[in-house]
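Coordinate inspection notes
One letter stands for each residue in the lines below.
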Amino acid sequence: MHRPQATYILGIESSCDDTSAAVLCNGKILSNIIANQEIHAKYGGVVPELASRAHQQHIVPVVQQAIQQANIDKKDLSAIAFTRGPGLMGSLLVGTSFAKSLALALNIPLIAVNHMQAHVLAHFIDDERQQPPPFPFLCLTISGGHTQIVKVSDYFTMEVLGETLDDAVGEAFDKSAKILGLPYPGGPLIDQYARLGDARAFAFPRPKVGDLDYSFSGLKTAILYFIQKKVRQHPNFIKEHLHDLCASIQQTLTDILFEKLEKAAKSTKIKHVAIAGGVSANSQIRERLKACEQDLGWTTYVPPFAYTTDNAAMIAITGYHKYLTGRFSDETVLATARLKVDHS
Ligand code: KG4
Ligand code: ZN
């Protein structure tokens, strides 16, 4: 079937431990396939060497499945968008090399995408479950690798107003979970158990860092020492208080995030506020953001779960907006492990 009006973008994501491919037609997602890598659970965190090997195993079948599910032929593709960075170098290399080769073989444009911009631009996927925010808006991007407040003035004009000086909030969730003996990644489990606990049961210290920046490493250490002390006194302490511990840890992390986000909204006078990234799947963070509509007069934007954790749909939508504005890459483009959100 020939559909000349349609722009089909293949998105490829391989920055960390998820291999994903998506096909998008004029802003709408036709497919979004994600292969998770179970292997890391055994080690309590992502092992870079194993991640790149698993990407290499998954990338061809994942791309094939995305094209098949979109019900198109690969010759229909208008361009290929891939994650250039930031991320693990070995993981990025797999997606980058594959995208370059396929673009060359199909003789179609190649589009390099910044993963952090893509988390933000996931809000622009044409999906009835979400409404795109108007420019300018603030986006709290929270994931396993990043925690930043971004002022988004246009699709590709983004400025970091504040960010973490050490661990990302996702790491804080996962490392706290590890201390509690929960498997990796522990963020979703803390979320689940927190619903059954009392958030005021335990008090943990709040970091004191300047301006709109964050810090989570001190909190992690405080939780570790607190738990070690309690377990010495009562060996069953974690088991008996698991729900209250999860609720208190989650409450602390949520409070820390919102203190700075509220400060950013006040100082910029921007009242359109979005969240993005894996940790934006957290139910308390979602509820807290929603409550800011009533409490602070914000209009808030929460992406559907499928677009929060790493996925290629967000890479494809970013690629689509780059395609519309002629932001193409040539074959010399390199995977880049460190890439700021203001860098395309
Ligand atoms: O965006 P993402 O998939 O990967 C990175 O780019 O890092 O984020 C993964 C992070 C992990 O730390 C995971 O524990 C966390 O998102 N996460 C959650 C929840 N779902 C995923 N953290 C708290 N509550 C959740 N429901
Ligand atoms: Zn991510």
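This section reports on the structure supplied with the text. (Residues numbered from 1 in each chain as written. Chains lettered and ligands numbered in written order. Predicted model: local features only at pLDDT ≥ 70, side-chain atom pairs only at ≥ 80, totals over all residues. Heavy atoms only, no water.)

For helix α4 (residues 169–179), a buried count of eight out of eleven residues is recorded, marking the element as mostly surrounded by other parts of the structure. If you check which residues of α4 are buried, you get Val169, Gly170, Ala172, Phe173, Asp174, Ser176, Ala177 and Ile179. On the buried face of α4, the contacting elements are β6 (137–142), β7 (147–154), α5 (187–194), α6 (217–233), α7 (237–268) and α8 (283–296). Looking one or two residues beyond α4, the residue adopting positive phi is Gly181, at roughly 85°. (Buried < 20%, exposed > 50% of the residue type's maximum accessible area, 1.4 Å probe, protein only. Helix = DSSP H or I, 4+ residues; strand = E, 2+ residues; numbered from the N terminus. Contact = heavy atoms within 4.5 Å.)

This part is about the site of ligand 1. Residues in contact with ligand 1 amount to 18 residues; listed here are only the nearest, Gly144, Asp174, Asp191, Gly278 and Asp310. Contact distances for ligand 1 include 3.2 Å between an oxygen atom and a backbone N or O atom of Gly145. Here an oxygen atom of ligand 1 and a backbone polar atom of Asp310 are 2.9 Å apart. Protein contact buries 89% of the 560 Å² of open area that ligand 1 shows by itself. Of all the secondary structure elements, the ones that give two or more residues to the shell around ligand 1 are α3 (115–121), α4 and α5. For the shell around ligand 1, the residue count by class is five nonpolar, ten polar and three charged. Here the shell around ligand 1 gathers at least three residues from each of two domains, domain 1 (8–125 + 307–324) and domain 2 (137–302). (Near = heavy atom within 4 Å. Polar contact = N/O pair within 3.5 Å; in protein donor to acceptor, adjacent residues only side chain to side chain. Areas by Shrake-Rupley, 256 points an atom, 1.4 Å probe, with all protein chains shown as cover. Nonpolar A, V, L, I, M, F, W, Y, C, P; charged D, E, K, R; others polar. Domains from an automatic or database assignment.)

Moving on: the sheet that holds strand β5 (residues 110–114). The five strands lie next to each other as β3-β2-β1-β4-β5, forming an open sheet whose pairing is mixed. On the outer flanks of this sheet lie β3 (28–36) and β5, each paired with one strand and no other. Direction aside, neighbouring strands of the sheet carry axes that sit 20° apart on average. Bridge count for strand β2 (residues 18–25) against β3 is eight bridges, and the pairing is antiparallel. (Pairing = 2+ DSSP bridges. Axes fitted to C-alpha atoms, helices over the stretch in contact; angles between N-to-C directions.)

Right, let's get into the pattern of salt bridges. Going through the model one piece at a time under the given rule, you end up with twelve salt bridges. Ionic pairing is found between Asp167 and Lys175, a salt bridge with its closest N-O pair at 3.6 Å. With relative accessibility at 10%, the residue Asp167 sits in the buried group. Between Glu171 and Lys175 there is a salt bridge, with the nearest N and O atoms lying 3.3 Å from each other. One end of the pair, Glu171, and the other, Lys175, are both in helix α4, four residues apart, so they sit about a helical turn from each other. (Salt bridge = Lys/Arg side-chain N within 4 Å of Asp/Glu carboxyl O.)

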